[in-house]
Amino acid sequence: MNLNNIFGEIEKVDPEVYDRLDTRRAAMKGFANLGGKLALAAVPLAFGSMFQKAYAGTKSTKETVLQVLNYALTLEYLEAEFYSIALSKGILLIPMGAATTAIQTISGHETSHVAFLKAAIAPLGTAVAKPTFDFSGGSGSGTGPFLTVFTDYSLFLAVAQTLEDTGVRAYKGRAAELVKGGDLLTAALNIHSVEARHASHIRQMRKAAGVDVKPWITGVISGVSPASLVAPNYAGEDVTTQATINIVNINGMGTSVNAATEAFDEPLSATDVLAIVKLFIKP
Amino acid sequence: MSTSQREEIISNEKIIAPLSRRKFLGYAGAATGLMAGLAACSKNNSPSVDTGVDLLSGDFGILNYAYALEQLEAAFYIKVIASPYTGITADETARLTEIRDHEIAHREFFKNALGAKAIVALEVDFSTITFTSRDSVLGTAKAFEDLGVSAYNGAGRLITDPAYLVLAGKIVSVEARHAAYIRDLISNGSFADNTVLDVNGLEKSRTPVQVLAIAQTYIKTKINASNLPTS
């Protein structure tokens, strides 16, 4: 990355860029300081956040960004540890072959997301510590409804699906707070779509194991039994109107209710997500 | 092809181009000269210079950009379902039909959301695709889905209205679900490999310029993205 070139390009569209950043030299120095403290991977992010500070009018304040990133980090901690424990059970939990390989792939991504978010948070503030998790869903009691999640493969996949689908909704739910957020927004979006890929694959694994689910979410159907266990995770996924436009049979295209709900994944508010996540965290 | 399937295709195409049923079937679902004519005469006022269909600027520009990509995807899956590849399974037919319906829903959503700002129907060019071949169809589907995800991810930063950003987010994760499904059909376990992810496990996004350079191969109508926001 040639920083001088980048500043040059920015100068073309915004001649006042150096006023915003004090001077070119100060900007380069500031960036060098940041870069030295960061993993190389997070350098583009630091670069983005520097400009975020420089440009007024963005809705994403540093505090908001820090909050959203720590929120994302908490979810990634949860997913990373979930898969890590599952893999530690070996073939007692996950069949050898394609299933194990897939979970290893997903686990690797979640671990990378944790590291990435920590690096991204570093220049902005303090990263939250990893909570103590209770994957039984018992809020720390260890006796929640998913007690056998690491011994019962079908339950493991059901919880995995729920966590991935919820992760997708959680990122979406806070996207608006990162509007015009530059590299940080792009990074969040680039994690969001990977979670959706995971969700799709886990759903296919469940389908292969005999559960009637599709790679996408139809209505509020989770394929989890009893459905009430994960009802909050899927609540609202059945909407068929987007921005006041009714998607069912839109423009006479014959779009079914199911297709209308599947075609759009719905966000979940931070409040709703945290209420769900709380079940998996020991206070 | 059953009558009901044919009716469905016709119904799906009818908004894009007012074609006679006979003519439509004659072109076997592909876009037609009429659509090209529509696109050519409505896109600019200059009689001599073909600058292409102007996506416009600002958030509308980004929505038109998404609308263009959804038009491409919808047209593709309509054709896939109209002329299924050799050896397609019942489950594949069901899922690919659903994907077709999702893409049509996306396309029509953008058309309505944009209203008078919407670009014209684009003429597609699927001459490089062998629709009887599973490899060709799924390979193209994979390319389109991955491209769509990278496009939405890359365009997010260009959107200024939070509501549009959330809407793009609602669609991109469904495209990612499609992408993972198609990839697994081709090779189980390839749902999120390092051709689409970087070393940090983040999807590789693309700018509109990068996306359109790829998409234009399949779109005969020239697209003019020069007014799109770039930062």
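For the structure itself, look to the data block above.
This section reports on the structure supplied with the text. Everything numeric in this text was worked out from a predicted model, so none of it was measured. (Residues numbered from 1 in each chain as written. Chains lettered and ligands numbered in written order. Predicted model: local features only at pLDDT ≥ 70, side-chain atom pairs only at ≥ 80, totals over all residues.)

1. Concerning the overall build of chain A
In terms of helices and strands, chain A carries 11 helices and 4 strands. Here chain A holds 283 residues, and the buried ones make up 45% of them. Within chain A, residue pairs in contact and separated by at least 24 positions form 66% of the contacts whose partners lie at least 6 positions apart. (Helix = DSSP H or I, 4+ residues; strand = E, 2+ residues; numbered from the N terminus. Buried ≥ 20, exposed ≤ 12 C-beta atoms within 10 Å, placed from the backbone. Contact = placed C-beta atoms within 7 Å.)

2. A look at the interface of chain A and chain B
Taken together, the 54 residues of chain A in the interface contact 48 residues of chain B. Taken together, the elements giving at least two residues each to the side of chain A that touches chain B come down to helix H6 (98-121), helix H7 (153-175), helix H8 (182-208) and helix H10 (257-262) of chain A. Of the residues forming the side of chain A that touches chain B, the biggest block, 17 residues, is contributed by H8(A). Here the side of chain A that touches chain B is built from residues that sort into 27 nonpolar, 21 polar and 6 charged. (Nonpolar A, V, L, I, M, F, W, Y, C, P; charged D, E, K, R; others polar.)

3. Considerations on unusual backbone geometry
Among all residues except glycine, the phi angle is most often negative; among peptide bonds, the trans geometry is most common. Residues and elements named next belong to chain A. Going from Ser225 to Pro226, the amide bond is cis rather than trans, its omega being -5 degrees. One can find Pro226 in the loop between H8 and helix H9 (231-234). Despite not being glycine, Ala243 shows a phi value in the positive range, around 50 degrees. Positionally, Ala243 belongs in the loop between strand S2 (241-242) and strand S3 (245-246).

4. Some thoughts on the packing of helix H4 (residues 58-82) of chain B against helix H6 (residues 134-155) of chain B
All names here are of chain B. Running from N to C, H4 and H6 point in directions that differ by 165 degrees, and their axes come no closer than 11 Å. Taken together, the axis directions place H4 and H6 in an arrangement best described as roughly antiparallel. The hand of the H4/H6 crossing is left-handed. Residues Ile62, Tyr65, Ala66, Leu69, Leu72, Glu73, Phe76 and Val80 of H4 pack against Val137, Thr140, Phe144, Gly148, Ala151, Tyr152 and Ala155 of H6. Split into classes, the residues belonging to the contact of H4 with H6 amount to 12 nonpolar, 2 polar and 1 charged. (Axes fitted to C-alpha atoms, helices over the stretch in contact; angles between N-to-C directions. Parallel < 35°, antiparallel > 145°, perpendicular 65-115°, else oblique. Left-handed = near helix turned anticlockwise from the far one by under 90°.)

5. Here we look at the packing of helix H5 (residues 90-114) of chain B against helix H7 (residues 162-186) of chain B
Residue and element names in this part refer to chain B. Running from amino to carboxyl end, H5 crosses H7 at an angle of 155 degrees, the nearest separation of the two axes being 11 Å. When the axis of H5 is compared with that of H7, the two are roughly antiparallel. Where H5 crosses over H7, the handedness of that crossing is left-handed. In contact with Glu92, Arg95, Ile99, His102 and His106 of H5, H7 contributes Ile171, Val174, His178, Tyr181 and Leu185. Considered class by class, the residues forming the contact of H5 with H7 number 5 nonpolar, 3 polar and 2 charged.

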